[in-house]
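If you want the building blocks of each chain, they are given just below.
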Amino acid sequence: MKLSQDFVRRLPDSRHHFGRQQGLWQRLHIDPILLLILLALTCFGLVVLYSASGQSESMVKRQFVFFSIAYCVMFVVAQLDMQMVRRWSPWLYVGGIILLMLVILVGVGAKGAQRWISLGVVRFQPSEAMKIAVPVMTAAYFSTRSLPPKFTDIVVSMIIIMLPAVLIFMQPDLGTAILIAASGIIVVFMAGLPWRYIFGSLAMVGISIWPMWHWVMKDYQKQRVLTLLDPEADRLGAGWNIIQSKTAIGSGGLHGKGLFNGTQSQLDFLPESHTDFIIAVMAEELGLIGVIFLLSLYLLLIARGLHIAWTSQNTFNRLLAGSITLTFFVYVFVNIGMVAGMLPVVGVPLPLVSLGGTSIVTLMTSFGLLMAIATEKKKVVA
Amino acid sequence: MMWAGEQLHQFKDHHREARVFAVRAAISFLMVVALFGVLLARYYRLQVTDHEVYATRSDRNRIHVRPIPPNRGLIYDAQGQLLADNRPTFTLSVVSERTSNLEQTLDHLANLIEVSERDRENFLKRLRQRRRPFEAVPLRYRLTEEEISRIAVNEFELEGVEIEAQLTRAYPKGALFAHTVGYVGRINERELSSFDQATYERYSGTHSIGKIGLERYYESELLGQVGSENIETNAHGRVLRTLEFTDPQPGKDLYLFLDSRLQQVAVDQLAGRRGSVVAIDVKTGGVLAMVSAPAYDPNLFVNGISYKDYRALNESRDLPLFNRSIQGQYPPGSTIKPMLGLGGLEAGVVDFDTHIFDPGYYQLENDERLYRDWKKGGHGRRVDLRQAIVESCDTFFYDMAFRMGVDSMHPFGDKFGLGERTRLDIPSERPGLWPSREWKERVRGLHWFPGDSLNISIGQGDVLTTPLQLAVMTATIASRGTHLRPRLVKQLGDQPTEREVVDQIEVQPQYWDYVHSAMEGVVHSARGTAHRISRGIGYKMAGKSGTAQVVGIAQDEEYDADKLDERQWDHALFIGFAPVEDPQIAVAIIVENGEHGSSAAGPIAREVFDTYFAMQAEDNAKP
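Reading the values: rules and limits
- Residues numbered from 1 in each chain as written.
- Chains lettered and ligands numbered in written order.
- Predicted model: local features only at pLDDT ≥ 70, side-chain atom pairs only at ≥ 80, totals over all residues.
- Heavy atoms only, no water.
- Helix = DSSP H or I, 4+ residues; strand = E, 2+ residues; numbered from the N terminus.
- Areas by Shrake-Rupley, 256 points an atom, 1.4 Å probe, with all protein chains shown as cover.
- Buried < 20%, exposed > 50% of the residue type's maximum accessible area, 1.4 Å probe, protein only.
- Contact = heavy atoms within 4.5 Å.
- Core = buried A, V, L, I, M, F, W, Y, C linked by side-chain atoms within 4.5 Å.
- Domains from an automatic or database assignment.
- Phe/Tyr/Trp six-rings, centres within 6.5 Å; stacked < 30°, edge-to-face > 60°.
- Pairing = 2+ DSSP bridges.
- Axes fitted to C-alpha atoms, helices over the stretch in contact; angles between N-to-C directions.
- UniProt positions renumbered as here; feature names shortened; annotations may be inferred.
- Parallel < 35°, antiparallel > 145°, perpendicular 65-115°, else oblique.
- Nonpolar A, V, L, I, M, F, W, Y, C, P; charged D, E, K, R; others polar.

Before going further, it helps to spend a moment on the overall build of chain B. Helices and strands together make up the secondary structure of chain B, namely 23 helices and 23 strands. When the accessible surface of chain B is summed, it comes to about 28,700 Å², and 50% of that surface belongs to carbon and sulfur atoms.

Structure, rendered in C-alpha cells:
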C-alpha cells in the first residue's frame, strides 16, 4: 500500500524500544495489539457461528465477506486525521438526523418497524451511522468546552444525544435508541459530568419507576419486564427464548458438550441461535471455560481501548476513544446478560460473533477511529 | 464550521481535563471489570451450580419416550382361518404442542381432506383427556392413498401433523363371528379412568381395547406388552434418531374350537330368522359353533361406529347386538324332558315299566285347573317314559313331577348347570333360571305349589335357559354325566386350555342307555316328534324337540298362530347329539317364534350334524 505523503507522520524519538516494527505500524496507522485481539475474536466468532448456524458454510462465508469489508473499512478509517473528523462531525451528525427523519417519512418497514431507507439496490439503516455520529459529535462538542462541563453544556449535550435517540425510538427501535443514548452519555460522563448530576438522575429514575409502570408503559412492554422476572410464566410465548437459552447455557456445564455437539442449538430449541443468542450456543458447546475465554478477549479489547483513550493527548480523542470502548462494553454486557436472563430481551447482537452485515461494518469503523486515535497522538506531542 | 465558543479552547486547563478523564476512565474500567465479574458469576451459577437442573431440562427437551404398541394377538378358528386380523391403516394425528395455532391447522386439514365435525369433536375430546405431552392425538382414521399424498404435498405448512401407519383390527369373516369373537373399539374415558398406573402404561400407544366377546375376555393376553423407544427430536418435533429401543411383546394368538364351516351352516340355516345355534364337542366341552342371529359387522366398531350405524343396530326390533346364545333366556319347553326323565329314574319315582293313562290333561287333587297336554285327546293308554320322550307326552311328566317334587327335581337339574352361568370364556353371560322352593320364597315371597313343579317339568313356568345352557345340558346327557365347562378357546398362544369337569353326574348306566335310546326314537322312530329329519341320515342321532310359549294362553283358549302377531308365536327349540353310539357333538337350537321345535329347529340340527360328519370325513381324508 503506497501512502500519500499527507498521511505519513513522524515518530517521536522517545519511542525507540518499539523498534522499526512500531514505526511501520505507526505509519500504517494500525494498532497491532488491537488488531490481534480483533482477529482472535473474529476467528473465534466464525467458528462459533459455523456451529450455531448448523454448520452452514454459506452463512460463514457470508460473515467472512462482511468481515473482510469491515476490516478494509477499518484500515481506511484509521488513516483519517482526527482533527478533520472533529471538524466534520457536525455535518455527519446533521446528515444523520435528516436521514432519521426521512426514515420516519419514507422508510422501508420490516417486522413492524421502519428502520431502513431504500437506495435502490442497497437498504441503508441510518441508525447505524448514528452509532458513530453521536459519540463523535458529543466528543467534538465537549472538546470546545472548558471541562468539567457546566450545566448549560450538559443541557446542550443532552439535546445532541436525545434528538437522534428519540427519532430512533420512534421507528421503533428501543434497543438501538438506548445504546446510542448510552454512547453519548458515556462521553458526558468521561468529560467529567459532576457526581451530583449522576446520583441525582439515578435517584430520579428510581422514583419514576412506579409512575412509568402505571401510566406510561404499554402492556407488551410490561410483559417483557414480567417475562424477564419470571420467564417460566409464559413458557411458549415470550419466555421461550430465555428458558431455552438458559437451558443451553446451564446444560453446557464447565467443559461444554463439545463443539458442534450442543443439543439445544443443533436441534433448533434455541431461537435466533446465530444472531442475538449465539453466546448460548458457545456456552453450551464450550462450557464455562469458553465463556471465560470469550470474556477475557473482550476484557483485553476494552482494556486496550481504554489505554488508547488514557494515553491520547487531546480531549476529543480521549472522549471519543473512551466512548467507543465503553459503548462496545455495553453491547457485550447487554447481550451476554440478556441471553443469561439477567436483562430484558432487547435485540442486541454479540459484537464480532453474531451474524451481521452493517453492524459489523459500523463496529469496525469505530475501531478504525480508535486506531486513528492510537496512532495520531504522537503527532500532537511532537 | 466554527463552534460557538471555539475561542475558549485556548483557555482550557488541559492538565485538569486529563486528570478528570483519567479518574473517570479508571472508574469505568473498574466498573467494566466488576460487571464482567457479575456476568461470570451468573454463568458460573448456570453452568456449575445449577448444571444438573439444566442438563436434565435439556435432555427432557430433546428426548421423548415414545411407546411402541405391541401387535394384538390374532384369533383363528379350528381350521386355522383368521377370524381377527391386524391390518395396516393410516391415521392422521396432530401433536398440539407442535402447532402454533391448532384451530388454524385443523381448518387447513379440513380443506385438504375430509374431516367431519364429529372427527373434530372427538379429537378435541381426546385432547382434553389425560395424555402425555407431545403425544399425537388421532384426528382421522383410515386415510386413503390420495389423502395421504395430499397431506404429504402440503406437509411444510401443516405443523404438528403426523401420518402414522398402525395395525388396526379387522374381522375378515364379518358378521359370522360377531357375537363370539366380539370386537375392539377405541379406549373410552371411562375405561381410561379405571386403569391403574401399570395398566395405563401398558396401553400407552394403544388406541383400542376389547369391548365384548373373546376380544374382551382375553384382553390382557391378546394385548401383549408395550415396547418403547427413546427418540431425539428437534424443537419442531422432527424425530432425528432413536437412542434406545425396547421391543414390544406381541399378544398371544387365540385358537378356537369354533369352525367356520359349521358356523357358516348354522348362520345359513338361521338366515332371515332370529335365533341361536350352539354346538359343543361332547368330549372336550369346546364350542364348535355358536351363532346368534341376526348379527352385525364387528368391523363397524373398530374405529368408532357412526351414530347412524349404531342407532340402526341398537334400535332394530331384531336386536342384532344381543347375543342370544348366552344372553337370551328362553323357557326350554320339552327339551328339558330327557334330563328330567333321568332324574325321575334316578330318584326312583319312575322305572322302565311305569306307565300312565293320558287323556290329554292332568289334574291335581283338590285343584280344578287342567294341566293340558300339547296333544288334544292325549297320547292314550300305557304311556311309558320312553314314549313320553319320543312323543313328548306332557301328562307323563306332570305325573312324574308331582311325584318327584321340586326338592328332588331342582338339585338334579342343578347338576346339569341349569340356572347358573356356564362360565364360558366370553363376558355378559346370563344365568337363566332354574326355580327352587327357596328361590320362590325369597324372590316371589310365595310358597311352592305342586302346580309349579308340573309347569317346570315341561320347561314352562318360571324356568329359563340360555341356548348355551341347553347345549351344555345336552352334552352332559350325551357324555353320560360328564358336565364340562364349555370353552371357545382351544389354545392360548402355545398353551392348550384345560378341559374342566364341573360335575360328574352319577346315574345308573342303564338309565343313560334308556334315555339315549328314547332320544334316538325322537328322530329315528316313526312316532318321534322329529322323525322327519331322519330321512336319508347316515348316522344315529338323538334329539328332543321343544316348543316354548311366548304368551300365556288362558285356560279355555286354544293356541292359534293365525290370531297372534308373528312375534308372539311360540319359540321352536331342539336339542340333540350324535352319533348315539359314541356321542361327539351336541347342539341346542332355538328359533324365535319358529312355532314347532321339530319342524323349525330340528332340521337345523340335522344340517349341523351332517356338516360336522362331512367335515370329519374330509379332515380324515387329508394326509
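With that settled, consider the overall build of chain A. Per the secondary structure count, chain A includes 14 helices and three strands. Taking all 382 residues of chain A together, 54% fall into the buried category. Pairs at least 24 apart in sequence give 73% of the contacts found in chain A among residues at least 6 apart.

A separate point is unusual backbone geometry. Here the bond from Ala293 of chain B into Pro294 of chain B is cis, since omega is 0°, no more than 30 degrees from zero. Tracing the chain through its elements places Pro294 of chain B in the loop between strand E12 (287-293) and helix H12 (299-302). Backbone torsion omega between Ala578 of chain B and Pro579 of chain B reads -20°, so that peptide bond is classified as cis. Structurally, Pro579 of chain B is set in the loop between strand E22 (571-578) and strand E23 (585-591). The phi angle at Phe260 of chain A is positive, at roughly 70°, despite the residue not being glycine. You can see Phe260 of chain A is positioned in the loop between helix H10 (239-252) and helix H11 (263-266). Within the chain, Arg480 of chain B stands out as a residue other than glycine whose phi angle is a positive 60°. Among the secondary structure elements, Arg480 of chain B is positioned in the loop between helix H21 (467-478) and strand E17 (482-484). We classify Arg480 of chain B as partly exposed; its relative accessible area is 32%.

Below, the discussion takes up the nonpolar core. Residues and elements named next belong to chain B. Met339, Met541 and Ile585 are the most contacted members of the largest nonpolar core, which totals 123 residues. No other element matches helix H23 (residues 597-621), which puts nine residues into this core. Each of domain 1 (67-256) and domain 2 (260-313 + 324-621) contributes no fewer than three residues to this core. Setting aside residues no more than four positions away along its own chain, Met339 makes contact with Phe412, Gly413, Phe416, Leu418, Trp434, Met473 and Ile477.

With respect to the helices, strands and loops of the structure, Gln469 of chain B is situated in helix H21. In this structure Gln469 of chain B comes out as buried when scored by relative accessible area, which is 1%.

Turning our eyes to something else, we now look at the packing of aromatic side chains. All names here are of chain B. In total, this model carries 27 aromatic pairs over all chains according to the counting rule given. Note on Tyr183 and Tyr296: the rings are 6.1 Å apart at their centroids and 80° apart in plane angle, and the pair reads as edge-to-face. Of this pair, Tyr183 sits in strand E6 (residues 183-186) while Tyr296 sits in the loop between E12 and H12; the two residues are 113 residues apart in sequence, bridging distant segments of the chain. Pair check on accessibility: Tyr183 and Tyr296 agree, each one buried. An aromatic cluster is present here, built from Tyr183, Tyr296, Phe301 and Tyr310 joined pairwise through their rings.

Moving on, we come to the side chain of Asn230 of chain B. Of note, Asn230 of chain B is situated in strand E8 (residues 227-233). Residue contacts for Asn230 of chain B: discarding those within four places in its chain leaves Ile63, His64, Val65, Arg241, Thr242, Leu243 and Glu244 of chain B.

Right, let's get into the sheet that holds strand E9 (residues 239-246) of chain B. All names here are of chain B. Pairing in this open sheet of three strands is antiparallel, and the strands run E1-E8-E9 from one edge to the other. Strands with a single pairing partner mark the edges of an open sheet, and in this sheet they are strand E1 (63-68) and E9. Averaged over all adjacent pairs, the angle separating strand axes in this sheet is 30°, with direction ignored. As paired elements, E1 and E8 share six bridges and run antiparallel to each other. From the neighbouring strand, Arg66 faces E8, where its bridge partner is Glu229. Lying on the sheet, helix H2 (residues 51-62) is in contact with E1, E8 and E9; it crosses E1 at an angle near 45°.

A separate point is the UniProt feature "transmembrane region" (unreviewed entry) in chain A. Residue and element names in this part refer to chain A. Following the UniProt record, one finds the feature "transmembrane region" (unreviewed entry) at residues 33-52, 64-85, 91-110, 151-170, 176-193, 277-303, 324-346 and 352-374. End C-alpha atoms of residues 176-193 are separated by 23 Å, and the span's content is 83% helix alongside 0% strand. Annotation note: span residues 352-374, helix share 74%, strand share 0%, distance between end C-alpha atoms 21 Å.

Turning our eyes to something else, we now look at the packing of helix H12 (residues 278-311) of chain A against helix H1 (residues 14-49) of chain B. The N-to-C vectors of H12 of chain A and H1 of chain B enclose an angle of 175°; their axes lie 11 Å apart at closest approach. With respect to each other, H12 of chain A and H1 of chain B are oriented roughly antiparallel. When grouped by side-chain class, the residues that make up the contact of H12 of chain A with H1 of chain B number 26 nonpolar, two polar and no charged.

Turning our attention to the sheet that holds E22 of chain B. One key point about sheets: their strands pair by backbone hydrogen bonds, in either a parallel or an antiparallel sense. Residues and elements named next belong to chain B. Taken in spatial order, the five strands line up as E12-E11-E23-E22-E21 in an open sheet, and their pairing is antiparallel. Each edge of the open sheet carries a strand with a single partner, namely E12 and strand E21 (542-548). Within the sheet, the average angular offset between the axes of one strand and its neighbour, ignoring direction, is 10°. When E21 meets E22, the two strands line up antiparallel, connected through seven bridges. In the strand pairing of E22, Ala542 is matched with Phe577.

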